[in-house]
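# Examining the three-dimensional arrangement
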Amino acid sequence: MNLSQSEFQAILDSAPKCRTIRDIEQSPLVDSLWREDDDDTPSGYSWWCMLKEGYCLGDGTYTLGIHENTIKEICMMVNSWVCVDEHYFQELSK
């Protein structure tokens, strides 16, 4: 994806809120979503969500991957914590 920082921000600003698995899979911010077995959770599985390049979590971790126990938690993270990754653009400009 060869978009400018402002183009990434425009996509972020216009992205619909995620409420379901389908919403997450169709989000312009998300690259992939999958479920994996996890014996440490009550359900026996957990979820991974990978963000597209140019996005990260805005909590200072600058990670592309979100790992949570439920789809509700994944939706909350995508809706509330995803931001444009400043470090991504800094690396591209070197």
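Residues numbered from 1 in each chain as written. Predicted model: local features only at pLDDT ≥ 70, side-chain atom pairs only at ≥ 80, totals over all residues. Heavy atoms only, no water.

## Here's the deal with the sheet that holds strand 2 (residues 45-51)
Note on sheets: strands pair through backbone hydrogen bonds, and any given pair is parallel or antiparallel. Here 3 strands make up an open sheet; going across it, the order is 1-2-4 and the pairing antiparallel. Edge strands, defined here as strands with exactly one partner in the open sheet, are strand 1 (30-37) and strand 4 (65-68). The average undirected angle you get between the axes of adjacent strands in this sheet is 15°. As defined by bridge partners, strand 1 adjoins strand 2 across 7 bridges and the pair is classed as antiparallel. (Pairing = 2+ DSSP bridges. Helix = DSSP H or I, 4+ residues; strand = E, 2+ residues; numbered from the N terminus. Axes fitted to C-alpha atoms, helices over the stretch in contact; angles between N-to-C directions.)

## Focus: the side chain of Ser27
Assignment of secondary structure puts Ser27 in the loop between helix 2 (21-26) and strand 1. Setting aside anything within four residues of it in sequence, one finds Ser27 in contact with Cys18, Lys52 and Val78. (Contact = heavy atoms within 4.5 Å.)

## Thoughts on the confidence of the model for the protein chain
Across the protein chain, pLDDT averages 90, with 95% of residues at or above 70. Taking the mean pLDDT of every element in the protein chain, the minimum, 86, falls on helix 4 (residues 86-92) and the maximum, 96, on helix 2. (pLDDT = per-residue confidence, 0-100.)

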